[in-house]
Amino acid sequence: MAKRKHNSGLRACTLALAIQASFVAIPLVLPLQAFANVNAQQTNIRALSEKGVYWYERFRFDLAAQSFNKLLLIEPTNASALRWQGLIDLARGDVQAANVWLGKLQLVHGNNPFSIELQQAIALASDKRQQFAELRYLADSEQVPANLPQRLRQLFPQPPLGEAAVQIYRLMNRTAEGRTFARGQVTELARQYPDDRRYRTLLTELGGAAASTLAQTPDTTQATRRPANANRTKPAPAVQAQPTTPDIAANPPAPPEAPAAPVLSDFDQGQQLADRAQKQIDQGNKTEAAKLLQNAVDLNPSYPWFRYDLATLLDDQGDAGSKQAARRVMDEGLALDKGQEMRFAAALLAARQDRGNDALALIDAVPRENWTEGMTALEKRVQYGQYLDGLRAQERNGEFNALASSISATPKWRAEPEVRALEQNLQRKRQVRLRMSYENAIIDGDEGVSRIDSDEIPLQLDLPLDFERTLFLRADTLNANSGRVNPATASNFAKLGTTLPTDPAIASNRLDQNYKGHVVGVGVQTEQYRVDVGTTVGDYPVNDWVGGVQWRTSLGEGSLRLEVARRMVNGSVLSTTGAIDPLTGETWGGARRNGVSAVYYQAFNPTLDFVGIARANLITGKNIPDNTEYNLQGIVGKTVFQRPGHDVEIGASLFLWSFEKNLRFYTFGQGGYYSPQAFGSLTFPITWTGNMNGWSWQAQARVGASESREDDTALYPLNPELAAAAAAQGNPTLQIGGPGGGTSTGLRLALERQVLKNFVVGGYFEIDRSEGYNPDRLQLYLKYSFGDFFELSVPPEGVAPYSRF
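Cut-offs used in this document
- Residues numbered from 1 in each chain as written.
- Predicted model: local features only at pLDDT ≥ 70, side-chain atom pairs only at ≥ 80, totals over all residues.
- Heavy atoms only, no water.
- Helix = DSSP H or I, 4+ residues; strand = E, 2+ residues; numbered from the N terminus.
- Buried < 20%, exposed > 50% of the residue type's maximum accessible area, 1.4 Å probe, protein only.
- Contact = heavy atoms within 4.5 Å.
- Areas by Shrake-Rupley, 256 points an atom, 1.4 Å probe, with all protein chains shown as cover.
- Phe/Tyr/Trp six-rings, centres within 6.5 Å; stacked < 30°, edge-to-face > 60°.
- Polar contact = N/O pair within 3.5 Å; in protein donor to acceptor, adjacent residues only side chain to side chain.
- Pairing = 2+ DSSP bridges.
- Patch = residues over 30% accessible without salt bridge, like charges linked within 9 Å, V, L, I, M, F, W, Y side chains within 5 Å.
- Salt bridge = Lys/Arg side-chain N within 4 Å of Asp/Glu carboxyl O.
- Core = buried A, V, L, I, M, F, W, Y, C linked by side-chain atoms within 4.5 Å.
- Axes fitted to C-alpha atoms, helices over the stretch in contact; angles between N-to-C directions.
- Parallel < 35°, antiparallel > 145°, perpendicular 65-115°, else oblique.
- Left-handed = near helix turned anticlockwise from the far one by under 90°.
- Nonpolar A, V, L, I, M, F, W, Y, C, P; charged D, E, K, R; others polar.

1. Focus on the overall build of the chain
If you tally the helices and strands in the chain, you get 22 helices and 20 strands. Here the chain holds 805 residues, and 45% of them are scored as buried. Considering only contacts in the chain between residues 6 or more positions apart, those separated by 24 or more positions represent 62%. Of the roughly 38,800 Å² of accessible surface on the chain, 56% is carried by carbon and sulfur atoms.

And the structure:
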């Protein structure tokens, strides 16, 4: 009995101790379970997010939305998922639905980075769609505006994030200064958001040197690149790799010993290989990444997305061999499996490689009822891309009438922003435009003989005939002033005309060599050619016609401009308008260049270009000998400094020039224009071009050196009687030639301002200083459109007088 009581006491004591121990253990067990729940929830969120991004990148918006919907069931206020749902709706073209997601995001999280990203993406698809389309249009043009990066930066008050950053910085990459700025911004974004693969990918695309350094930062999230349970044509094996458990802030009690890892299927091994490949790509080790992806493909030859990742990696190398290898990877997959997913993956690669017809053929083989949203979006993207490429080709080729017909014939794309931008640019080609300037040119010399102090007022009216051809009318005023011959300072031989200015037979009023009149003309021009004809009219001693035909075309990697023309010869009043002999009243001069020219331009890269010029002319005029002229010029330019709105270029110009006869003097029968028998110069200019806030400018300084040779020349080359009379008076009849040359300097300053969208004003000042030649030129100009737009010229572009066409 006593023994039973003793045993009962022991049991009661043991029970009491067990109850106490259980209460003591409760605080330890509950946190352990809580930590396990948090760990599992975060793992599920991360896996669903990775899965959603994976399908978003492959245009499977339906599957991407499913993943983020599941994520929001776990965590309804997850900012990243709310952001992605808005981006998915934008990709589907539903701006209104995207705004709903933005409202939810801002309500819960305020104006956080995810909210800003989605808000900017919505703006690019709605309010700023047209503005951004115009900037894309400019970025795709042959001459990308220097202020493109500045205009892109002005799109938003804050720096762009996410999808907006990708689109904007890709366009900035079209200019050297924009590329530098974009690299810096994307590098910072990649540091701020190390888990966002878009920034690392973009940085690699921009050629950022920091891409591999950023990628080597330890990634504590261990993000899985591919979803283990993603829908696919060939199902993956049932056994899946266990997700990696992330670190958490607290230190829970040590978990029990982990069970032995399950045997991985071929698919799971392939997935791990692909994850390792992504890390190698982030570190810049693309060769190693390709080997890993090839192993994944070998293990799963019928799974399309391992193949697609390998193919895109090869395609990104850029060379023809790698692109062909990328295509072969997908072709081999199609030979094994012609299912829907494999066709879609192959079509995505074809679209990347601008093989639009191949991409459409691949998805067209899938019955329409089985098409995913991604396939529909791909078809639309390829068809629109092909249509847009055709329009842009017509624009590049100057086929603006055909471009207008193409836009009108395809109304379903007419509302797209790129097409609207093209159409707006077309309509601007139909606007009437007026260009006008005032120019003063001064060249020192003897009054009434070689001095020039001329005023010109160029006036051009552009009247579009259609989208390609423009009729232009020229009505320039030209006041050519040389001054009055001063007998007291005249030399002892006839500088002008037939005799000494002190000859009593000379009419006093003929000592004035100042003439007023006009240079008028009419012409038609397009992007490819220009045809014009005109004449001088007024009280000029010699009136004669001018005109020409100019044609432009592509030649290899460059462009060629050919011209056959008859133009005025500037250099003196005598050569430009002719002169009147003070003694006899006879006229001579008014020289005209009749010949051909060729100008070739090639840009070797964005910072190095070349211009080559060749000319051959026969110079004629009234009562002056015919003269042949040849010249060659080569100009190399190298950009040495670039940043948004600024460009500094250094250059070198070699100029070779030769005339048959030396006719640079002013006696009767001479031409009044510089015409050495041999001339060579080497000039080194440095040019600063910029634009900012509706201003554009250019400043150029140049130094050079030249060598020349002139032959002896008869002062009265066409009239032996005048020569004999001059000799009888003891005046020379022959001007001795000889070598010449020296150093030269020059300065040019130009400024232009866009006062209104359709009104531009500007001006420039230019001086040259060399031995025996020191011209100064000043021009003020305005350009006005009777429509809604006149573009700001970068660099500034004045109104060239018709006398210098």
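2. What about the packing of aromatic side chains?
Given two aromatic rings, their pairing is described by the distance between the two centres and the angle made by the two planes. One pass over the structure, following the stated rule, counts 28 aromatic pairs. Ring geometry for Phe-59 against Phe-61: centres 6.2 Å apart, planes inclined by 75°, an arrangement best described as edge-to-face. Measuring from centroid to centroid gives 5.1 Å for Phe-267 and Tyr-303, while their planes differ by 90°, and the two rings are edge-to-face. Taken together, the residues span a long stretch of sequence, with Phe-267 in helix H12 (residues 266–282) and Tyr-303 in the loop between helix H13 (286–299) and helix H14 (304–315) at a distance of 36 residues. Both residues of the pair, Phe-267 and Tyr-303, count as buried.

3. Here we look at the side chain of Arg-566
Note on placement: Arg-566 falls in strand E8 (residues 558–568). Taking the relative accessible area as the measure of exposure, Arg-566 reaches 11% and is therefore buried. A distance of 2.6 Å separates the side chain of Arg-566 from the side chain of Asp-544, its partner in a polar contact. Reaching out from Arg-566, the side chain makes a polar contact with the backbone oxygen of Trp-545 at a distance of 2.9 Å.

4. Considering the pairing of strand E10 (residues 587–605)
Taken together, the 10 bridges between E8 and E10 define a ladder with antiparallel strand orientation. Across the sheet, residue Arg-561 finds its bridge partner in E10, namely Val-599. The sheet contact formed by strand E9 (residues 579–580) and E10 spans 2 bridges and is antiparallel. Its bridge partner being in E10, Ala-579 is matched across the sheet by Trp-588. Adjacent in sequence and paired antiparallel, E9 and E10 are bridged by 6 residues, among which Gly-585 carries a positive phi angle near 80°.

5. Digging into a nonpolar patch on the surface
A surface patch of nonpolar side chains, amounting to about 530 Å² of accessible area, comprises Leu-632, Leu-654, Leu-656, Leu-682, Phe-684 and Val-703. Broken down by secondary-structure element, the contributors of at least two residues to the nonpolar patch are strand E13 (646–659) and strand E14 (678–692). Mapped onto the elements of the fold, Val-703 is located in strand E15 (residues 695–710). Under the relative-accessibility criterion, Val-703 is labelled partly exposed at 46%.

6. Some thoughts on unusual backbone geometry
Glycine aside, a negative phi is what most residues show, and trans is what most peptide bonds show. Residue Val-794 is joined to Pro-795 through a cis peptide bond whose omega torsion reads 0°. Within the element layout of this structure, Pro-795 appears in the segment after strand E20 (775–785). The backbone of Asn-623 sits at a positive phi, close to 55°, despite the residue not being glycine.

7. Observations regarding the nonpolar core
Residues Leu-118, Trp-305, Met-330 and Leu-378 are the most contacted members of the largest nonpolar core, which totals 68 residues. Looking at this core, the element that brings in the most residues is helix H16 (residues 340–352), giving 9 residues. The contact partners of Leu-118, leaving out residues within four places of it in the chain, are Leu-82, Arg-83, Gly-86, Leu-87, Leu-90, Ala-98, Trp-101, Leu-102 and Leu-105. Core analysis: the second largest hydrophobic core is formed by 42 residues, Ile-168, Ala-182, Leu-202 and Leu-403 among them.

8. With respect to helix H8 (residues 162–172)
Most of H8 is tucked away, with 9 of its 11 residues classed as buried. Taken as a whole, H8 has its buried residues at Gly-162, Glu-163, Ala-164, Ala-165, Val-166, Ile-168, Tyr-169, Leu-171 and Met-172.

9. As for the pairing of strand E5 (residues 512–525)
In this sheet, E5 lies alongside strand E4 (residues 470–484) in antiparallel orientation, the contact comprising 13 bridges. Looking at the pairing, Ala-480 lines up with Tyr-515 of E5. With 9 bridges joining them, E5 and strand E6 (residues 529–538) adopt antiparallel strand pairing. Its bridge partner lying in E6, Val-524 is registered against Val-531. In sequence, E5 turns back onto E6 through a hairpin of 3 residues.

10. Some remarks on the packing of helix H15 (residues 320–336) against H16
Here H15 crosses H16 at 165°, and the two axes come no closer than 10 Å. By the criterion of interaxial angle, the relationship of H15 to H16 is roughly antiparallel. At the point where H15 passes H16, the crossing takes the left-handed sense. In this structure, H15 contributes Ala-326, Arg-327, Met-330, Gly-333 and Leu-334 to the contact, and H16 contributes Met-342, Arg-343, Ala-345, Ala-346 and Leu-349. The residue makeup of the contact of H15 with H16, split by class, is 7 nonpolar, 1 polar and 2 charged.

11. A closer look at the pattern of salt bridges
Inspection of the entire model under this criterion finds 44 salt bridges. Between Asp-315 and Arg-352 there is a salt bridge, with the nearest N and O atoms lying 3.6 Å from each other. Within this pair, whereas Asp-315 is found in helix H14, its partner Arg-352 is found in helix H16, the two being separated by 37 residues in sequence. On the basis of relative accessible area, Asp-315 is assigned to the buried category, the value being 4%. Put simply, Glu-766 and Arg-748 hold a salt bridge, and the shortest N to O gap is 3.9 Å. Taken as a pair, Glu-766 in strand E19 (residues 759–770) and Arg-748 in strand E18 (residues 738–756) lie far apart in primary sequence, 18 residues in all. Three or more residues are tied together by salt bridges with common partners; here these are Arg-83, Glu-117, Glu-163, Asp-196 and Arg-198.

12. A look at the environment of Glu-707
Along the chain, Glu-707 falls in strand E15. Assessed through its relative accessible area of 57%, Glu-707 is described here as exposed. Spatially, the C-alpha atom of Glu-707 lies 5.5 Å from that of Gly-680, the residues being 27 residues apart in sequence.

13. Some points on the packing of helix H5 (residues 113–125) against H8
The interhelical angle for the contact between H5 and H8, taken along N-to-C directions, is 50°, at an axis separation of 6 Å. What the angle tells us is that H5 and H8 run oblique. Of the residues in H8, those in contact with Glu-117, Gln-120, Ala-121 and Leu-124 of H5 are Gly-162, Glu-163, Ala-164 and Gln-167. Across the contact of H5 with H8, the residue classes break down as 3 nonpolar, 3 polar and 2 charged.

14. A few points about the environment of Tyr-781
Looking at the element boundaries, Tyr-781 is found in strand E20. A residue is classified by how much of its surface remains accessible, and Tyr-781, at 4% relative accessible area, is buried. Sequence separation between Tyr-781 and Pro-458 is 323 residues, and the spatial gap between their C-alpha atoms is 9.1 Å. If we ignore the near neighbours within four places in the chain, the residues touching Tyr-781 are Met-436, Ser-437, Leu-751, Glu-752, Val-760, Val-761, Gly-762, Gly-763, Pro-796, Glu-797, Gly-798 and Val-799. Here Glu-752 takes part through its side chain, which lies 2.5 Å from a polar atom of the side chain of Tyr-781.

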